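Observations on the three-dimensional arrangement
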Amino acid sequence: MLFRNTSRRPLGSLYLTAVAFMAVAPTFLSHHPLARMVDPNDRQSWNISANGSIPGQNAPIRTVQHSGQCIALTFDDGPHPIYTPQLLYILRKHRVRATFFLTGIHCEKHPSIVKRIAAEGHELGNHGYLHARLDKMSPDSVAADIRRADQVIARITGIWPHYFRPAGGVLTPTVLQAAAQTGHPIAMWSVDPRDWVVGRDATAITAVVKDTVGPGRIVLFHDGGGNQPRMLEALDSLLDFLKKQGYQFVTLSEE
């Protein structure tokens, strides 16, 4: 525990420890695995239907509608200064286009990578500005976070993102209403290899995708957040496998 044996610490030490924790807590909590553990199936209290919609609003998409064996690869939480360029190299090598759900704060830090993502033909999606716990925020705060990410991405690339994906896949009436208010359909996923889990190896990531992929599926990966080397290792071999199975790759907005 953080404050074990605090009775033996001077009061000043306790104060400094608390201040230090509060300084890092927002970033830690937004990227900690527990931030992804909000139960999207707890719909009764939220008045959300089984397809993820609420009365009067469109349901989030979980598949792409294309003839043939088309699938969509999506990447969340970036851009990352080390791993996103490596990911772009792999995608270019395999001639695959994907959809990147970008966090505004990381876009501000790495604008050249955002420009490269767009220049190489990938779709830009909105993943919020701070990757915050949206279920803990007010409707106005969620909408403001979405708009701020929109503005950052548009300022860097001249492109206004079409789809929004909430951090951690959190779907509450607040999130759905904020997305509608800001003009964004929500894009979720239908294949989740949990590639962000630190310690999860490439074999496990690959196995989940092979077992659950199918025509129209949206696959969730992360170029930010953790465990990216194993994700990249899995992706390189997966793209060869999927191509041999006859799959073609589309972005979410591609007709």
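Details of the structure are given in the entry above.
Procedures and definitions
- Residues numbered from 1 in each chain as written.
- Predicted model: local features only at pLDDT ≥ 70, side-chain atom pairs only at ≥ 80, totals over all residues.
- Heavy atoms only, no water.
- Core = buried A, V, L, I, M, F, W, Y, C linked by side-chain atoms within 4.5 Å.
- Buried < 20%, exposed > 50% of the residue type's maximum accessible area, 1.4 Å probe, protein only.
- Helix = DSSP H or I, 4+ residues; strand = E, 2+ residues; numbered from the N terminus.
- Contact = heavy atoms within 4.5 Å.
- Phe/Tyr/Trp six-rings, centres within 6.5 Å; stacked < 30°, edge-to-face > 60°.
- Lys NZ or Arg CZ within 6 Å of the ring centre and 35° of its normal.

This part takes up the nonpolar core. In this structure, Leu 73, Phe 75, Leu 91, Phe 100, Phe 221 and Leu 235 are the most contacted members of the largest nonpolar core, which totals 37 residues. Sorting the residues of this core by element identifies strand S1 (70–78), helix H2 (83–94), strand S2 (99–102), helix H4 (111–119), helix H5 (139–157), helix H7 (202–212), strand S4 (218–222) and helix H8 (228–244) as the ones contributing at least two each. Looking at this core, the element that brings in the most residues is H8, giving seven residues. If near-sequence neighbours (up to four positions away) are discounted, Leu 235 is found in contact with Leu 73, Phe 75, Leu 87, Ile 90, Leu 91 and Phe 221. Of all hydrophobic cores here, the second largest spans 25 residues; its members include Ala 72, Leu 134, Met 188 and Leu 252.

Quick look at the packing of aromatic side chains now. Centre-to-centre distance and the angle between the planes together describe a pair of aromatic rings. All told, the structure shown has two aromatic pairs when counted by the stated rule. With 5.5 Å between their ring centres and 20° between their planes, Phe 75 and Phe 221 make a pair best called stacked. Here Phe 75, found in strand S1, pairs with Phe 221, found in strand S4; they are 146 residues apart in sequence, far enough to count as distant. What makes Phe 75 buried here is its relative accessible area of 0%. Each member of the aromatic cluster is reached from another via a ring pair, and the members are Phe 75, Phe 100 and Phe 221. The ring of Tyr 129 has Arg 148 lying over it, and the distance from NZ or CZ to the ring centre is 3.7 Å. Stacked on the ring of Phe 241, the Lys or Arg Lys 210 has its end atom at 4.4 Å from the ring centre.

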